[in-house]
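# Results of the structural survey
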Amino acid sequence: MSQRLLQAMTVSGVLLASAFPWGEAGAAAGSGSGGDAVVFVAQDYGFTGPDRIPAGMTTVQVRNEGKEPHHVQILQLTEGKTAADFQAAMKADPAHPPQWAKFVGGPNAVLPGSDATSMMQLTAGNYLLLCLIPDQKGVPHVALGMAKPLTVTPSARTVSTQPAADLSITTTDFAFALSQPMRAGAHTIHVMNAGGQQHEVVVVKLDPGKTAKDFGEAFEPGASGPPPGRPLGGIVGLERGGSGFFTGNFEPGRYGLICFFPDHQTGAPHFAKGMTLDFTVR
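What comes next is a walk through the structure. None of the values given here were measured: they were computed from a predicted structure.

Procedures and definitions
Residues numbered from 1 in each chain as written. Predicted model: local features only at pLDDT ≥ 70, side-chain atom pairs only at ≥ 80, totals over all residues. Heavy atoms only, no water. Pairing = 2+ DSSP bridges. Helix = DSSP H or I, 4+ residues; strand = E, 2+ residues; numbered from the N terminus. Axes fitted to C-alpha atoms, helices over the stretch in contact; angles between N-to-C directions. Contact = heavy atoms within 4.5 Å. Phe/Tyr/Trp six-rings, centres within 6.5 Å; stacked < 30°, edge-to-face > 60°. Buried < 20%, exposed > 50% of the residue type's maximum accessible area, 1.4 Å probe, protein only.

### Some points on the sheet that holds strand E14 (residues 229–238)
One open sheet holds the four strands; their spatial order is E14-E13-E16-E17, and the pairing between them is antiparallel. Taken across any chain shown, the strands that pair with only one partner, and hence form the sheet edges, are E14 and strand E17 (276–281). Strand-to-strand twist of the sheet, defined as the mean angle between neighbouring strand axes without regard to direction, takes the value 20°.

### Remarks on the sheet that holds strand E9 (residues 147–153)
Taking strand neighbours across the sheet as the criterion, the five strands line up as E3-E9-E8-E5-E6 in an open arrangement whose pairing is mixed. Since the sheet does not close on itself, it has two edges, and those belong to strand E3 (52–54) and strand E6 (101–103), each with one partner. Within this sheet the neighbouring strands show an average axis-to-axis angle of 30°, counted without direction. Of the strand pairs in this sheet, strand E8 (residues 125–130) and E9 are connected by six bridges, and their pairing is antiparallel. Opposite Asn126, over in E9, you have Thr151 as the bridge partner. Where helix H2 (residues 83–92) meets the sheet, its contacts fall on strand E5 (73–77), E6, E8 and E9, and the angle it forms with E5 comes to roughly 100°.

### Focus: the packing of aromatic side chains
The geometry of two aromatic rings is summed up by the distance between their centres and the angle between their planes. Following the criterion strictly, the structure yields eight aromatic pairs and no others. Residues Phe103 and Phe261 carry aromatic rings whose centres are separated by 5.6 Å and whose planes lie at 75° to one another, so their mutual orientation is edge-to-face. You can see Phe103 sitting in strand E6 and its partner Phe261 sitting in the loop between strand E16 (253–258) and E17, a full 158 residues away along the chain. Since its relative accessible area comes to 5%, Phe103 is described here as buried.

### Considering the pairing of E8
The pairing of E5 with E8 spans five bridges and is antiparallel. Following the sheet pairing, Gln76 is matched in E8 by Tyr127.

### Considerations on unusual backbone geometry
Cis peptide bonds are those with omega within 30 degrees of zero, and the linkage from Asp44 to Tyr45 qualifies with 10°. For Tyr45, the position within the fold is in the loop between strand E1 (38–43) and strand E2 (46–48). Residue Phe174 is bonded to the preceding Asp173 through a cis peptide linkage, with omega at 10°. Considering the arrangement of structural elements, one finds Phe174 in the loop between strand E10 (167–172) and strand E11 (175–178). In this structure, Glu79 takes a positive phi of about 60° despite not being glycine. Within the fold, Glu79 resides in the loop between E5 and H2. Relative accessible area serves as the criterion here: at 65%, Glu79 is assigned to the exposed category.

Spelled out as structure tokens, the structure:
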């Protein structure tokens, strides 16, 4: 969840060189292909968790032990690129992430003391975990050190079976579509990006009488007061044609879906182009 992802990447590109250690992932191993979740603990400002995990359908959980909202945006560094290559590319062109850095999801924003879970198919290679949410001064957490290299290793035991979803969300330019009404209870939700740009799904429990658009506008420059709701996870950015899953437990009430990613042409957040959806859970 980021009001201005493009601005976040621009600021990050200027500050990344000194923001955090860009060394390659270490030798520590982690599990997570298929069954148990790979847990990354988010703090102000950094991630702790495994440096290496096996390839396959991977459940990733973010556990927020900080004092600000956090998420885990997973970037796949294709073409054999490394974290150092990404650093150099962002330093050379802060406003444009390199084409070989692919947004492949991750658990979306939760408040302190909460956690969120998402599931994605991760192939072997180099990855980066980033938090692009800005602090109260507008500085993205990644520029304050909140990034972590991750190596996904080949695995003979790779599990590719997708979770059994009971609901789907399709994202387009610029709308959300639910496959059916959301009912109270626990859900596994399949997200598919059918749009031409990257999109995310931020799930928000709305305050009475408020909308997802109201929530998004609370992050605009000059806005005052806290946002009228609380984020409950979802899935961070997915490339065109990408897909992933997330889980959630929905109590009765009013909810919203929102995308904060920037429009490629104007830089405006997608919610300003109508990419919100309000719905009631009964």
